[in-house]
Protein chains: 2
Amino acid sequence: MNTKKKTTIKDIANVLNISPAAVSKALHNDSRISEKTKKAVRQVAKNLNYQPNHLASALRSGKSKLVGVIVPRTNSNFFSSVIQNIEEVLNKEGYNIIITQSNESYKKECDSIDTLLFTQVDGIIASMANETIDLFYYEKIKSKGIPLILFDRGENDLNVDYIGINDYDSSHVIVKHLVSQGCKRIAHIGGFKHTRIYNNRINGYIDALKKHHLPLDDELLIESNLTIEEGREKMKQLLSLKNRPDAVYVAGDYAALGALQVLNEEKISVPNEIALVGFGNEPFTDMVTPRITSINQHSEEIGKQAAFVFLKHAKNSIIKQKLDKKILDAELIIRDSSNKKTFL
Amino acid sequence: MNTKKKTTIKDIANVLNISPAAVSKALHNDSRISEKTKKAVRQVAKNLNYQPNHLASALRSGKSKLVGVIVPRTNSNFFSSVIQNIEEVLNKEGYNIIITQSNESYKKECDSIDTLLFTQVDGIIASMANETIDLFYYEKIKSKGIPLILFDRGENDLNVDYIGINDYDSSHVIVKHLVSQGCKRIAHIGGFKHTRIYNNRINGYIDALKKHHLPLDDELLIESNLTIEEGREKMKQLLSLKNRPDAVYVAGDYAALGALQVLNEEKISVPNEIALVGFGNEPFTDMVTPRITSINQHSEEIGKQAAFVFLKHAKNSIIKQKLDKKILDAELIIRDSSNKKTFL
DNA sequence: TATATTTGCTTAAACGTTTAAGCAAATATA
DNA sequence: TATATTTGCTTAAACGTTTAAGCAAATATA
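Since we're looking at a predicted model, the values are computed, not measured.

This brings us to the overall build of chain A. Of the regular secondary structure elements, chain A holds 12 helices and 12 strands. Here the C-alpha atoms of chain A give a radius of gyration of 26 Å, more than 25% beyond the 20 Å that 2.2 N^0.38 yields for 344 residues. Counting only C-alpha atoms, chain A reaches 90 × 40 × 40 Å along its principal axes. When burial is assessed residue by residue, chain A has 54% of its 344 residues classed as buried. Within chain A, counting contacts between residues at least 6 apart in sequence, those at least 24 apart form 72% of the total. Roughly 15,700 Å² of accessible area belongs to chain A as shown, and the carbon and sulfur atoms make up 50% of that amount. Taking the 47 positively charged and 41 negatively charged side chains of chain A as two groups, their mean positions are separated by 9 Å.

Right, here's the structure in full:
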């Protein structure tokens, strides 16, 4: 059907009666090629509609110009925004990204890693699945010498670059806010301790309670996978206590939403009877009734920084650099679910 | 640092004292290689931890084993689910996908197409941006002989494979449902007519009104870009009418959400004063108050079908096949926002 | 037994680049 | 003017596969 052969560097060389090597150098702006030749090459390339064969140059140079991105899921605003910003930065530098979703599954994550390694990506930017405890596959990436950058869900033991927000401080900001609203029994529906960010949020919660001289009650500290369903369950669990909390800080917006549904169903006034705070600032926190107070995770900044760190590695691969650990300040977005003043 | 050279087909050949060609054939299960040799090759490949060089085989065979996917955005459940299902099907066949987001921008979409063509993808699966009217870039894909499959946001003029739901019928189902709820003045906040799916929904709406002997009022038919913001605006516009509608059918869930926010703010009872129906069955339709009736778009099925159609092309590229146009039945999920019975 | 076919490999070239090494002509330096 | 350096290219090999063509040995066929 379409038998138009693609134009190659050779075709350009033939037109100008120079060697393909000269063409290649001209296109790469090599200083040892004359301006005159460069201009001619560029002109002919344009005329013949030359498109460089990415596979050939990748093979020869050993660089695929592809970066793998692994996220637990893309249908969360946080991850999709991070991805978009990674893409924006990397596209400008001639890189493309391959996105894979782990769906929070350890097995799927391992498959993704194998797939990306097979595709010869030049680097991997990842946020770990909830399930992941065994770091073997991540060590595999490191051992191949491929730059690995983690964001949000990281892991100290891996000893790689990391970009995230200050989870420990976020808990402090939240507790302080709730205390200022007059709350005295603050519960925490947290993530699993084995994930660093959730562990930090839990520790921040515990320390902030101490700081404000509030008692730490084991009944009020619950670990969960932070899905909507578990948010509902754990909220019910809290409501069944003899001594109910007057505030609940949930370590994820989806679980916070589940908790809110239960509170609404039980006709419990939010924030007056129980104040509610989520984490992540997903768009729906601003859509439900009442709107949910949450922590902005700076997804744009995280995406951009992750891309920059990768580029740094890509540009000087030889020098063993010291690790980049970038911790961004979190920002509390106060909304109806915790702001009693709007109800006075 | 990491100087371990990668093992190649040559290394395997050396160990077994056969030619690299024989190794390649053995790994591809060529019928002209003895079982004995195949077994030996597979064993040595395993021992040496051989990973085929995807770039080399892609260059030689002219196939990159990459498929490009273009979506308006990934942070909608519909698109992220479609993508996930495309990925699942294609991964099994050894393909990887490169996801790009157009952000509903025509320019970004064109860039994406160029990027994907540059990366030498073997095919492109796309859903068009709202802004896109000029089809030049899509024609470019076709003219290069690269399989192009559209889903959801398609375009008749392009004459390519398409997978989507029956938008015309969906409008009929919605109008029928609203009529059964006693609604007599049904408004439609639609998408732009130049996008085929929205045009079909509008035509379905018009024809369904006729069928049920309801008058068609120009004031009640509005085109929009279906963002939350425009959902709010257009709803306000409808509320400012002397003769308000008693039902609003919005062609997208996000705009429906915006409309609902306005209705809630204005203390208008939903569904009793005004019934509301969205489109897309985004998860948040089941989270807000009242829960929004919507159309399930069968994202899983659409993703899988799109992948299958691509594979069909990839497998027999020579034969000019007739086009696949797969139109799936839509399904109405009735919730509180339109179900007056639950309020009686 | 003579010829034809099949089996199981090898040889060599190719995919389209990039890059190290080298060389002649032009220019700079002493 | 003689030598050194720079400029602007060319040559040839390489990246790791795949594949068309071919060939000897083994097997089938007449």
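The structure having been displayed, the exposition proceeds.
Attention shifts here to the relation of the copies chain B and chain A. In this arrangement, two copies of a chain are superimposed by a rotation about an axis accompanied by a shift along the axis. The two copies are related by a screw motion: chain B maps onto chain A through a turn of 180° and a shift of 0.1 Å along the axis, at an RMSD of 0.1 Å. Each copy turns onto its partner about a two-fold axis.

Moving on to unusual backbone geometry. All names here are of chain A. Backbone torsion omega between Thr289 and Pro290 reads -10°, so that peptide bond is classified as cis. Of note in the backbone geometry, Asn103 takes a positive phi value of approximately 55° without being a glycine. Its place among the elements puts Asn103 in the loop between strand E2 (96–101) and helix H6 (106–118). Phi angles above zero are rare outside glycine, and Asn281 is one such case at about 55°.

Here we come to the interface of chain B and chain A. Residue-level contacts link 44 residues of chain B with 45 residues of chain A. Buried surface at the junction of chain B and chain A, summed over both partners, amounts to about 4,100 Å²; 54% is from carbon and sulfur atoms. Considering only the side of chain B, the residues that lose the most area to chain A are Leu55(B), Phe118(B) and Met287(B), jointly responsible for 16% of the buried surface there. In this assembly, chain B and chain A are joined by two salt bridges. Across the pair Glu265(B) and Arg291(A) runs a salt bridge whose closest N-O atoms are separated by 3.8 Å. Linking chain B with chain A are eight residue pairs in polar contact (both at pLDDT 80 or more). Breaking the side of chain B that touches chain A down by element, the ones donating at least two residues are helix H4 (54–61), helix H5 (77–92), strand E2 (96–101), helix H6 (106–118) and helix H11 (253–265) of chain B. Its residues placed into classes, the side of chain B that touches chain A shows 16 nonpolar, 20 polar and eight charged.

Next up on the list: the domain arrangement of chain A. Taken domain by domain, chain A consists of domain 1 (9–52), domain 2 (65–165 + 299–328) and domain 3 (167–297 + 332–343). Here the C-alpha centroids of domain 1 of chain A and domain 2 of chain A sit 36 Å apart.

Around DNA strand C sit 25 residues, and of these Ser24(A), Arg60(A), Ser19(B), Arg32(B) and Ser34(B) come closest. For DNA strand C, the backbone makes up 52% of the atoms found within 4 Å of the protein, where backbone means sugar plus phosphate. Tyr50(A) places a side-chain nitrogen or oxygen 3.0 Å from a phosphate oxygen of DNA strand C. Within the side chain of Ser19(B), an N or O atom sits 2.5 Å from a phosphate oxygen of DNA strand C. Among the secondary structure elements, those contributing two or more residues to the surface near DNA strand C are helix H2 (20–27) and helix H4 (54–61) of chain A together with helix H2 (20–27) and H4 of chain B. Residues belonging to the surface near DNA strand C are distributed by class as follows: 10 nonpolar, 10 polar and five charged.

A word on the sheet that holds strand E6 (residues 186–190) of chain B. All names here are of chain B. If you walk across this open sheet you meet the four strands as E7-E6-E8-E9, and the pairing is parallel. Taken across any chain shown, the strands that pair with only one partner, and hence form the sheet edges, are strand E7 (221–223) and strand E9 (275–277). Sheet twist, expressed as the average angle between the axes of neighbouring strands with direction ignored, equals 15°.

Here we come to the packing of H5(B) against helix H12 (residues 299–315) of chain B. Residues and elements named next belong to chain B. Their axes nearest at 7 Å, the elements H5 and H12 cross at an angle of 40°. By the angle between their directions, the pair H5 and H12 is classed as oblique. Note on packing geometry: the crossing formed by H5 with H12 is right-handed. Contacts between H5 and H12 involve Phe78, Ser81, Val82, Asn85, Ile86, Val89 and Leu90 on the former and, on the latter, Ser299, Glu300, Ile302, Gly303, Lys304, Ala307, Phe308, Phe310 and Leu311. Within the contact of H5 with H12, the residues separate by chemical class into 10 nonpolar, four polar and two charged.

On to the pairing of strand E1 (residues 66–71) of chain A, then. In regular strands, side chains alternate between the two faces of the sheet. All names here are of chain A. Among the six residues of E1, six are classified as buried, and the element is accordingly described as predominantly covered. As defined by bridge partners, E1 adjoins E2 across six bridges and the pair is classed as parallel. Looking across to E2, one finds that Gly68 is bridged to Ile98. Handedness of the crossover is the feature at issue here: the chain leaves E1, passes through helix H5 (residues 77–92), returns alongside E2, and the resulting connection is right-handed. In terms of strand pairing, E1 meets strand E3 (residues 123–126) through four bridges, oriented parallel. Among the inter-strand pairings, Val67 is bridged to a residue of E3, identified as Gly123.

A few words now on the pattern of salt bridges. Scanning all chains against the criterion turns up 31 salt bridges over all chains. Salt-bridge contacts for Asp286(A) lead to Arg291(A); the nearest nitrogen and oxygen are separated by 3.7 Å. Given the relative accessible area of 32%, Asp286(A) is considered partly exposed. Taking the shortest distance from any N to any O, the salt bridge between Arg73(B) and Glu104(B) comes out at 3.3 Å. With Arg73(B) in the loop between strand E1 (66–71) and H5 and Glu104(B) in the loop between E2 and H6, this residue pair connects regions lying 31 residues apart in the sequence. Via salt bridges that share partners, Arg232(A), Glu265(A), Asp286(B), Arg291(B) and Arg335(B) belong to a single interconnected network.

In this section: the protein's contact with DNA strand D. Neighbouring DNA strand D are 25 residues; Ser19(A), Arg32(A), Ser24(B), His28(B) and Arg60(B) lie closest to it. For DNA strand D, the fraction of protein-proximal atoms (within 4 Å) that sit in sugar or phosphate groups is 51%. A distance of 2.8 Å separates a phosphate oxygen of DNA strand D from a polar atom in the side chain of Ser34(A). In the model, a phosphate oxygen of DNA strand D is placed 2.4 Å from a nitrogen or oxygen of the Ser24(B) side chain. Secondary-structure elements contributing two or more residues to the surface near DNA strand D are H2 and H4 of chain A together with H2 and H4 of chain B. Residues belonging to the surface near DNA strand D are distributed by class as follows: 10 nonpolar, 10 polar and five charged.

About the cut-offs
- In this numbering scheme, every chain counts its residues from 1 along its sequence in written order.
- Chain A is the first chain written and ligand 1 is the first ligand written, with later ones labelled in order.
- In view of the model being predicted, local features appear only for residues whose pLDDT reaches at least 70, and side-chain atom pairs are presented and counted only at 80 or more, with totals across whole chains, interfaces and linings using the full set of residues.
- Values shown for side chains rest on all heavy atoms present in the structure; no hydrogens or waters enter the calculation.
- The way it works is that DSSP assigns letters per residue, a run of H or I at least four long becomes a helix, a run of E at least two long becomes a strand, and they are numbered from the N terminus.
- C-alpha atoms define the radius of gyration, and 2.2 Å times the number of residues to the power 0.38 defines the globule rule.
- Each residue is placed in one exposure class: buried if its accessible area under a 1.4 Å probe, protein chains only, is under 20% of its type's maximum, exposed if it is over 50%, and partly exposed if it falls in between.
- When checking whether two residues touch, look at their non-hydrogen atoms; a contact exists if any pair is within 4.5 Å.
- Only the protein chains shown count as covering a residue, and every accessible area follows the Shrake-Rupley method with a 1.4 Å probe.
- Charge counting treats Lys and Arg as positive and Asp and Glu as negative, with His and both chain ends excluded.
- Where a charge lies is defined by one atom per residue type: Lys uses NZ, Arg uses CZ, Asp uses CG and Glu uses CD.
- Each copy is superposed on the other by least squares, with the fit set by C-alpha atoms of residues at a pLDDT of at least 70 in both.
- Defined here as a combined quantity, buried area equals the accessible surface (1.4 Å probe) lost by two parts on assembly, summed across both.
- Whenever a carboxyl oxygen of Asp or Glu lies within 4 Å of a side-chain nitrogen of Lys or Arg, that contact is scored as a salt bridge.
- In protein, a polar contact requires one atom able to donate a hydrogen and another able to accept it; more generally it is a pair of N or O atoms within 3.5 Å, and residues adjacent in sequence count only if both atoms are side-chain atoms.
- Charged residues are taken to be Asp, Glu, Lys and Arg, nonpolar residues to be Ala, Val, Leu, Ile, Met, Phe, Trp, Tyr, Cys and Pro, and polar residues to be all remaining types, Gly included.
- As annotated, the domain borders come from an automatic or database domain assignment.
- Residues are labelled near a given molecule or strand when at least one of their non-hydrogen atoms is within 4 Å of it.
- Paired strands, as defined in this entry, are two strands with at least two bridges between them according to DSSP.
- Only the stretch in contact is used when fitting a helix axis, every axis being a line fitted to C-alpha atoms; angles between N-to-C directions are given from 0 to 180 degrees.
- Should an angle fall under 35 degrees it is called roughly parallel, over 145 degrees roughly antiparallel, and 65 to 115 degrees roughly perpendicular, with every other angle called oblique.
- Note: crossing handedness is left-handed where the near helix turns anticlockwise from the far helix by less than a right angle, and right-handed where it turns clockwise.
- With strands facing away from the observer, any crossover in which the path from the first strand over the helix to the second runs clockwise is taken as right-handed.

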